[in-house]
Every structure is written in C-alpha cells, then in structure tokens.
Amino acid sequence: MEIKEEGTSEEGQHFLPTAQANDPEDIQFTSLQKIPNEPQLEFILACKDLVAPVCDRKLNTAVQISVIHPVEQTLTRYSSTEIVEGTKDPLFLTGVTFPSEYPIYEETRIKLTVYDVKDKSHDTRSFLGCASFQVGELLRSKEQLLSLSLRTSDGGKAVGTIEVSLVKMGEIEDGDTDHITTDVQGQKCALAYECTAAESGSGKDNSPLLNAVLRNPVCKLYRFPTSDNKWMQIREQMSESVLSFHIPKELIALNIKEDLCRNQELKELGDLSPHWDNLRKNVLTHCDQMVTMYQDILTELTKETGSSFKSSSSKGEKTLEFVPINLHLQRMQVHSPHLKDALYDVITVGAPAAHFQGFKNGGLRKLLHRFETERRNTGYQFIYYSPENTAKAKEVLSHISQLQPLIATHADLLLSSASRRSPDSLKSSLKTLSEKTELFVHAFKDQLVRSALLALYTARPGGLLKKPPSPKDSTEDTCPLDEPPQLGRQDSIPHHSDYDEEEWDRVWANVGKSLNCIIATVDKLIERDGHDGGGPGGSSGQDGDMEPSLEDSITSHPKEDWYEQLQPLILTLKECMGEVVSRAKQSLTFVLLQELAYSLPQCLMLTLRRDIVFSQALAGLVCGFIIKLHTSLHDPDFLQQLHTVGLIAQYEGLLSTYSDEIGMLEDMAVGISDLRKVAFKITEAKSSDDLPVLTGRREHYVVEVRLPAAVFESLPLQIKEGQLLHVYPVLFNVGINEQQTLAERFGDVSLQESINQENFELVQEYYSIFTEKMPPDYISHFQEQNDLKGLLDSLHQNIQAKKRKNVEIMWLAATICRKLNGIRFTCCKSAKDRTSMSVTLEQCSILRDEHQLHKDFFLRALDCMRSSQTQGALSESDDPETGRLTDDKPTSRHFYPVALLLVSSHLLVVWLILSLALLLAKYQ
C-alpha cells in the first residue's frame, strides 16, 4: 500500500550507530538475552503533547516503526501502530515485538515516525515528527522507559514527546494509576502499566516437539484495559508448519506403496477367463499410470525447499494439490491481572478441496453418491459389491498385511525363548502369539471372504455356473456373471453349486488347530521340566480341544530340547497361515477389481480427488494434534481424556453454498469425515528427528508422534504402551459473505443444513462417550464451568431454526469444543479474509467473556487485531526481503465490518433485480 504524504518530508535523514569501523564485519555487537521461543524485545508506545499543524484540527495519529541494522546501515520498515483518533495524547494499544530469530542487538537503532492520518480510506497522512533510540538504551534505562522528544525532519522544532515502555509478558503490577489516562467516551479512565526487571517466567514453549513442526513465528503485542481499569497483555503469534509439506509427502509415499502392492496382487490373481483377464489388463494399465503420476507429484514436492506453507495463489497448481492452503497456527496468549494466564489456539487453513480438479460437476459428496448410484444400476458385466463390502475387503487385506509378519515375529521369539529354556519368557511369548493369531483367524470369519472365494472360482477358466441364482441360495442377493445386476438389488454375489465352501473352513481352521497344538506342547514341556503348567491353555484355540491325531504328535521325551519340540509346530503354523493369506488375498483383491472394473477413469479420478482432499485435511489435523498435545502435556485430566475417550476436532467452515464453493464444501465434508480413519500413537523419540511418521493404508492410518524420552516417561501407562488415540472430527458450516446472501435468497442451502445436522449428531455421540467414560468429578468440573448439556441444546435449536447467516452456530460449536478440550480449526476458501475476520472476532469475544475486557474497548480491540497496518504487513512498495507477511497470509486483515458486507450484498441483489427488469423491458 503506497503512503501518500503531505507537508514536511523526512527523506534523507539517517541514524547511524555511534560505534563505527572500517569493516562492518569487524564490529562486535551485543546480543540480547534470549528465552527459548520468546520474543527478544517488546515495547509499547504513547505520545504526549503533540502539536497539530493546524490549530483547529484534532489529530489522528499512527506511529511507523523502522529498524536501522547496525551492519548494513539500511532502514527497514518493520510495523505500525493502529490509528488513534481525536487526541494530542494518543495511547497506542498495539505494541511492537521482535521474534526470537530476528537479527537485533543492543546496538540496533529503532526509528519512530509519527504521522497525522487525514484520510483513512486513502491513507493520506502527513509527517509530524520522529525520534530514535538504541535498543541498549531502552534496556538500561531507569524503569525501562524512555521519553523521547519528537522533532521535525531537520532536527529542529519539537512537536511533542513519545514514550517507549519495555514489556515483559506476564509482569504486571498494580502500581500507581495516575500517570497514564485515556478518554473513554468522554470519561477519564485511569490505566496503569508497570513492569519489573525480573526475569520473565513465561517461556513455557521450550519443547523441541513444537520447534520441530512450527516455523517463522510472527508476533503482535497488544495491551487492552480491563473492566476494573487495569491492563491486560495479549500476544498474538502466527506460525507456519513444516507439516504442510511433510504429511502430504508421507501420505503420497504410502499411497504409492499401497497401489504398487495392489497392482502386484492383481497380477498374482492367477488364470482368469478371457472376460476377466481383459478387464484386469485394462485396470493394470490405468493403475500403473496413476502410480506414475503420484511418483511425479512426490518428486516435485521433494524439490520444494522454500516456504513452509502453500499460498492461496498456488491453490490451482497441480504439483501442490496435496498440500493444504495457508496452514497456520493462530495463538493468543493472555495475561490479565487477578486471572490465570491462558492460551487460545486456532488452526487456520484453507478448506480441503481439489481446486485443480475443479468443481464443474460438484465436489466429492455429490460425485461419490452419483458414482455409487450409477454403479449399482449399471448393466456392465461385473460383480457389484456395496461400498461397505468393498471397504471391508480393504480392511481385511490391511489386517492381513499387519498381522502376518507380526505373528511370524512372535513365533520366532517363542522359539528363541524355547532355545533358552526360559519358562517365564516362553509363557509370555506364547500369550502374545496366541492373541495375535486369534485376531488373524477372526478376520476371516466374515461371509464376504466366502463369497469372494466363490466369485473368484467362477471367474477362473472353466468356472461356469451349474444352475441359475436364487435369492434363497444365500443371505446375499445373487447375480450371474453373464447377466447384469438387476436394478434395486444389493450385492450381486454369485452362487456355485459345485463349490466346496467347507474347504475354506478347513484351511483357516487349521491355523487355530496349529496354535492349539503349540499351546499344549508348551504346557507339557514346562510341566515335565518340573514347573507349573498353566500357560495360556489349550482352550485359547478356535476349535477347543485338539484332535487325537494332533495330540499324538506331541513327543513324550521330557529331556529333549524345547526348540526341537516346537520348531516343526511353528513351521506348520506358518504354512497354514501362508495358505490362508494366499487364498484370502486373491479373493479380496478380486473384490477390489470389481470397483475398478466398472468405470476406470472415473473411479481412479475419484480416488485421486479423495486422496488430495484427505491429504490437505490430514496435514491440518496432525498439526493441531501435536500443538494440543504439547500445550496439555502436564494436564493429567486431559491425558486421561485423550486415551479414554479421544479428542474432538471441530472445524468451522465459512464457505457459501453458491457457485464453486458448493463443490468446495462437498469436498471438505468428505475430507473431514475421512479423518475418522486416522488414529495417533505416541512413541519415544530415538533420534533427533521429531517429525511424525505415517503408517497404514487408505482405510486406516496411524500417525506416530515422537516425544523426547523425559517427556514420554511422564505419560500415562496406556499411552506409553502404544494405545491408539482416536479423534472425532466434526464440521459446522455457516456461509457469511455476500454470495451466501444470494444462495439464501435465490439458491439452495440444504447442503449446509444437512452437514450441520449430521455433525451435531456426532458431537452428541462424543458427549455421550465422554460422560460415560470420564470420572464423575471430572465431568462435574466441566458442568461447573459451563452447562455443556445446555450448550448442546442451544446448538441443536439454532441448527433447527434455519436462520440466515446464523453465526451463533459457530460460536456455540467453538465454545463446546473448547470446553471439551478439543482442537479448533477455522476454514474458508483461502484461509484469509473470512477466516481472519472470524478468528479476531472470536479472540475479542474471549477477552470480553473470559478476561474482563473493558466493554468500551471491544470494537477498538477488534480494529487493532484486524488492522492491515499491524506487524509484518507490507505495502506494495516494500522490499519483500524485509518481512515475511504478504497479503496472502491470514493476518493481512483487510476486512470490512459485517454490517458493510451485508449492505454490499443487499445492494448487489438490488442491482441484479434492476438489471433483469431493464433487460426484460428492452425485449418487450
């Protein structure tokens, strides 16, 4: 933004350090004392006795803060205060803060330039005066306060004074309240700010965990008056997250691995009849192309080494599709007198959506429904499996891939214990082996596996049906392979009269029998060696007691080596498992072939779109989880809630139900719903790499969060033992812009209404689990804070009311989330204007309701937080190297009040109606 100045110019004035040297690199500068993750320097400003250029005009003043670096001797604009109107003694609520990584020293000089702003809308301002000081002067000053004379650019006439007060967050004392006053609507209000020289104790964020995921913090400092005329201090911090790129790269790598494995399994299906073999070849061709595309995207993402976030201007770039838009942490730290310090975190991120794919045909919610309806009703020759059965097939395959190597490992550990003749170790290993094997066997009890085996059998060369299908033949509806499924049917699973289903029963039952044999052998070995038996016991198997033939196979030589006794039995178990895995993998892979065979391009493009949206949503969720975990590590009640109930993640959507944003909302709803497939596990960090690790496949992902050893040891036992921690994602959307006005007057808002109702039911479900599993005293503490049941009832009433632009839904949902220790997210299309407007309104409302913000300062506080002139905001003429924020960031808050938005929307509607009337009149 270009600054238009009137009157005296300040150009050409230079402020240099007193210490000079021929070579700037030889100068030794004094670093400021740093506290980890805390700003190096913070101060606030106030002016006194300003002289107006025109006597009969009241001043509207703002201060521009610039930095003169001691080496380069260059002047860099750094930040500005808000504009204070109508007084010669302005007291600025917006302070100045330098983050920990900023290159500032005691020799650094700060220049303060005071302007009289004549026209805020055009930013026409005139220069009043300026002053400068060295940082060291402020640090060494008495009471850490400087009173500087403001002078004109030629250094002559004095035009008032400016006071610079050092701030140390959290150090407020009552002190005298006489020396600073401000006029609040005509009434004098005593406002005192005092600080001591004691070391700050607010350096709480010194965890390597948080440092590993957050980057480039930008801080703002404010001081606002409370209702009892004291100062509260507020520090806003916005940070980027390296997870914006890290999580998508992890996820894409997993997708590639999963798809390569699936393609290999399709190739290993064996001989198929010509019809199915041709379909398989076609599927493999398209799937290989998809894998190549994913590999290319991963390669391009790996090359990204610049910014830690994706700007909104890049949302249409194909190579960055998987990366969330403008993912940031917005943190408000509050220190107010007589109240406990508090942190309020909100993750801001662009709505997860496939912008490069476009929204011409809608978003995922509509596309998936349409795809499933068409697939169910198609006449194409394939076997129809419902989405539930397709998902179950993927889940069973996932269990197989996880459990088979795990069982093999525990079987080898059992043999290792046997070779050492260690009864305790042997029993412990056997217990774990039994548990994992029983889970393995249980996975194959589903009817889907049986029907899939039959379907694959009939797809083999010569696998013809001997009789027509009948609904009575199976609990599932049936349909022959050479006829299309009938409309309205459920799964079109074939039936074959000659197929021996009992063969499959025998195959997987042999795994349980092998386990029973191992258990009995271990019991007898321990008993014959003079120890008590009572291992896991033969009853742990799937089929009860062993058959006589198996029992006879156990040798009766007590002195023989235990390893030699167990080794052939372990080998049999592995062989039985291998037979089960081979058959099950082939049959369930054949099920997945049906989904792909229906409509290859459409199916794969839907998978791509869903992966893209999920990737964006997951990156935000992992960021939010880690930050929430970090801030609550020393809260035993939260940790208990985390492993007992899980964590609610509340997404606030501000998308309109109009034009492309309908498709974005449909994408977002599916992406957030898919986050239910994610679980977290906390482990001890074994190296310096603290970034989270992602494992699993599309139906189930586990995010491994690593903590330093000292922190990890302080966690509850359940978490340390690797218990999976679940999240409950919920989305509430309320469109607030002028396009939503059009949607509500002339369009359809049913999508928003259905999403809000569905997610309210999910919140109710979480609340029920919470009240059921958490201790009564913990729940009563929550009820004392606020009646959660009452909040839920009010939320339900507001959703049912179907009121236009009902932002009360947003406020109630956010309040419920905070009361339940949840994670808060705020999203709009690009996580800029609407998102920032919502976050700042929420922050000021919290200050009012929770921290006694003076009622007459609510709007002024809101203006300060929304000002485009605050810290880090660069004008178009600024050198981009001198700051980090651009207009693409969420804190470049170029907002209009809600009332103006509503007025502009109504004017737009009127204009549209008039234009239509004129057009009709023209052609009549």
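Scoring rules and cut-offs
Residues numbered from 1 in each chain as written. Predicted model: local features only at pLDDT ≥ 70, side-chain atom pairs only at ≥ 80, totals over all residues. Heavy atoms only, no water. Helix = DSSP H or I, 4+ residues; strand = E, 2+ residues; numbered from the N terminus. Buried < 20%, exposed > 50% of the residue type's maximum accessible area, 1.4 Å probe, protein only. Areas by Shrake-Rupley, 256 points an atom, 1.4 Å probe, with all protein chains shown as cover. Pairing = 2+ DSSP bridges. Salt bridge = Lys/Arg side-chain N within 4 Å of Asp/Glu carboxyl O. Axes fitted to C-alpha atoms, helices over the stretch in contact; angles between N-to-C directions. Parallel < 35°, antiparallel > 145°, perpendicular 65-115°, else oblique. Left-handed = near helix turned anticlockwise from the far one by under 90°. Contact = heavy atoms within 4.5 Å. Phe/Tyr/Trp six-rings, centres within 6.5 Å; stacked < 30°, edge-to-face > 60°. Lys NZ or Arg CZ within 6 Å of the ring centre and 35° of its normal. Polar contact = N/O pair within 3.5 Å; in protein donor to acceptor, adjacent residues only side chain to side chain.

Attention now goes to the overall build of the chain. When its secondary structure is counted, the chain shows 24 helices and 22 strands. Evaluated residue by residue, the chain yields a buried proportion of 54% over its 924 residues. Summed over all atoms, the accessible surface of the chain reaches about 40400 Å², with 50% contributed by carbon and sulfur.

Of note, Asp 49 is a non-glycine position whose phi angle comes to about 55 degrees, a positive value. Relative to the helices and strands, Asp 49 is located in the loop between strand E2 (41-48) and strand E3 (60-68). Owing to a relative accessible area of 49%, Asp 49 belongs among the partly exposed residues under this scheme. A positive phi angle, near 60 degrees, is found at Asn 821, a position not held by glycine.

Let us now look at the pairing of strand E13 (residues 214-225). Within E13, nine of the twelve residues are buried, which leaves the element mostly enclosed by the surrounding structure. Bridge count for E13 against strand E14 (residues 231-241) is ten bridges, and the pairing is antiparallel. Bridge pairing in E14 links Tyr 222 to Ile 234.

Our next topic: the pattern of salt bridges. In the structure shown here, the tally under the stated rule is 31 salt bridges. When the shortest N-O distance is used, the salt bridge between Asp 667 and Arg 609 registers 3.1 Å. Note that Asp 667 is positioned in helix H14 (residues 660-674) and Arg 609 in helix H12 (residues 600-631), a separation of 58 residues in sequence. On the accessibility criterion, Arg 609 (5% relative accessible area) is buried. Between Asp 856 and Lys 855 there is a salt bridge, and its shortest N-O distance comes to 3.5 Å. Since its relative accessible area comes to 68%, Lys 855 is described here as exposed. Overlapping salt bridges bring together Glu 258, Asp 259, Arg 262, Asp 611 and Arg 698 as one network.

It is worth spelling out the packing of helix H3 (residues 243-267) against H12 at this point. Two numbers describe how H3 lies on H12: the axes approach to 9 Å, and their chain directions differ by 130 degrees. Judged by the inter-axis angle, H3 sits oblique to H12. Once H3 is placed against H12, the crossing between them reads as right-handed. For the pair H3 and H12, the contacting residues are Leu 243, Ile 247, Pro 248, Leu 251 and Asn 255 in the first and Asp 611, Phe 614, Ser 615, Leu 618, Ala 619, Val 622, Cys 623 and Ile 626 in the second.

So, on to the environment of Gly 95. If you trace the backbone, Gly 95 turns up in the loop between strand E5 (84-85) and strand E6 (96-98). For Gly 95, a relative accessible area of 6% translates into the label buried. On a C-alpha basis, the gap between Gly 95 and Ile 44 in space is 4.4 Å, while along the polypeptide they are 51 residues apart. If sequence neighbours within four positions are ignored, Gly 95 has contacts with Phe 43, Ile 44, Leu 221 and Tyr 222.

Each aromatic ring pair is summarised here by two numbers: the centre-to-centre distance and the angle between the ring planes. Under the defined criterion, the tally for this structure stands at 15 aromatic pairs. Ring geometry for Phe 43 against Phe 98: centres 6.5 Å apart, planes inclined by 40 degrees, an arrangement best described as tilted. Within this pair, whereas Phe 43 is found in strand E2, its partner Phe 98 is found in strand E6, the two being separated by 55 residues in sequence. One exposure class covers both Phe 43 and Phe 98, and it is buried. The lysine or arginine in question, Arg 125, covers the ring of Tyr 115, its NZ or CZ lying 5.2 Å from the ring centre. Sitting over the face of the ring of Phe 614, Lys 677 holds its NZ or CZ atom 5.1 Å from the ring centroid.

Along the polypeptide, Ser 311 turns up in the loop between helix H4 (274-303) and strand E15 (328-335). With relative accessibility at 17%, the residue Ser 311 sits in the buried group. Within the structure, the side chain of Ser 311 is placed 2.9 Å from the side chain of Ser 313, a separation counted as a polar contact.

Function cannot be read off these values alone, since they describe shape.
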